[in-house]
Amino acid sequence: MSTVQGARARARIEVTEAIKDEARKQLAADGATKLSLRAVARELGMVSSALYRYFPSRDDLLTALIVDAYDAVGEAAEHALAEQRAAASPATRWTAVCRAVRTWALAHPHEYALIYGSPVPGYTAPEATIGPAARVGLVLISIVRDAHQGKGIAPPPLAAPVRAEAERMAADFVPDLPPAVAVALVAAWSQLFGLVSFEVFGQFHRVVEDREPFFTHAAEQLARSVGLVLPG
């Protein structure tokens, strides 16, 4: 790549990031439903036609923001796991990852709302969002998989009515784990984000006051629900 081409590529990256930063400000102020390419361009001192060369439509910009948000919370989860992996028990790693998800969400409530809040009317997420959206779930699966291989897991019971669905889930997502664990993982994953959403969106107001120890306790119970053995 020539010096001129390299400078152009860097300039394009800088403008792209500036557009996304301004869009995040608008998300915080007005919500995703009111996101406007024209408003973003106006705030950046750009003409709309110039901005369209970076993001042809509002949906393209929304997709970029969604992918960034999923990647950011996924990176937080992966980093938490990497910090714990050497010595910690699987249950301790699980709890650390859950806490990292909560910490990121509380620090980035508007980005969290974009990916786990109400759907944006008229927007359909493309396939490009699937991989980033799976990152937290894959971290949790890896913890349970390591525990299963190391005999550090006590598989939860599995009720007969859900057995067929459990076997399908295991075949689709975690073929190396027991069907009962597959069902428990999906339930725990949804409950984790339910806990975080209740806190981010104010549903715990005047219900849970000391929220950090409450969340840690709940995350430990989720670890137990997927068969991880709590230390001590």
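Quick note: structure is the one above.
Residues numbered from 1 in each chain as written. Predicted model: local features only at pLDDT ≥ 70, side-chain atom pairs only at ≥ 80, totals over all residues. Heavy atoms only, no water.

Assigned secondary structure in the protein chain consists of 11 helices and 0 strands. When the helices and strands of the protein chain are placed in sequence order, the string is α-α-α-α-α-α-α-α-α-α-α. On the principal axes, the C-alpha backbone points of the protein chain span a range of 60 × 50 × 35 Å. Per-residue burial over the protein chain gives 41% buried out of 232 residues. (Helix = DSSP H or I, 4+ residues; strand = E, 2+ residues; numbered from the N terminus. Buried < 20%, exposed > 50% of the residue type's maximum accessible area, 1.4 Å probe, protein only.)

Moving on to the environment of Q191. Structurally, the position occupied by Q191 is in helix α10 (residues 179-200). Since its relative accessible area comes to 42%, Q191 is described here as partly exposed. As a C-alpha pair, Q191 and A218 span 27 residues in sequence and 9.4 Å in three-dimensional space.

In this structure, L61, W94, V144 and L228 are the most contacted members of the largest nonpolar core, which totals 65 residues. In terms of residue count, the dominant contributor to this core is helix α4 (residues 58-84) (11 residues). If we ignore the near neighbours within four places in the chain, the residues touching W94 are L140, I143, V144, L185, A188, A219, L222, A223, V226 and L228. (Core = buried A, V, L, I, M, F, W, Y, C linked by side-chain atoms within 4.5 Å. Contact = heavy atoms within 4.5 Å.)

Next up on the list: helix α8 (residues 135-149). Compared with the 21 Å implied by 1.5 Å per residue over 15 residues, the 21 Å span of α8 between its first and last C-alpha is a close match. Taken residue by residue, α8 has V136, G137, V139, L140, I141, S142, I143, V144 and A147 as its buried positions. Buried residues belonging to α8 abut α4, α5 (90-107) and α10. (Expected span 1.5 Å × (residues − 1).)

Right, let's get into the side chain of S142. Following the sequence through the fold, S142 ends up in helix α8. Here V139 takes part through its backbone oxygen, which lies 2.6 Å from a polar atom of the side chain of S142. (Polar contact = N/O pair within 3.5 Å; in protein donor to acceptor, adjacent residues only side chain to side chain.)

Here we take up the environment of Y116. By secondary structure assignment, the location of Y116 is in helix α6 (residues 109-116). Along the sequence, Y116 and G194 sit 78 residues apart, while their C-alpha atoms lie 9.3 Å from each other.

Right, let's talk about the packing of aromatic side chains for a bit. Here the structure, examined in full by the defined rule, presents 6 aromatic pairs. Ring centres of Y70 and Y116 lie 5.9 Å apart, and the angle between their planes is 90°; on these two criteria the pair is classed as edge-to-face. Here Y70, found in helix α4, pairs with Y116, found in helix α6; they are 46 residues apart in sequence, far enough to count as distant. Both rings, one in Y112 and one in Y116, keep their centres 5.0 Å apart while their planes meet at 35°; by these two values the pair is tilted. Residue Y112 and its partner Y116 are located together in helix α6, separated by 4 residues, close to a single helical turn. With relative accessibility at 1%, the residue Y112 sits in the buried group. (Phe/Tyr/Trp six-rings, centres within 6.5 Å; stacked < 30°, edge-to-face > 60°.)

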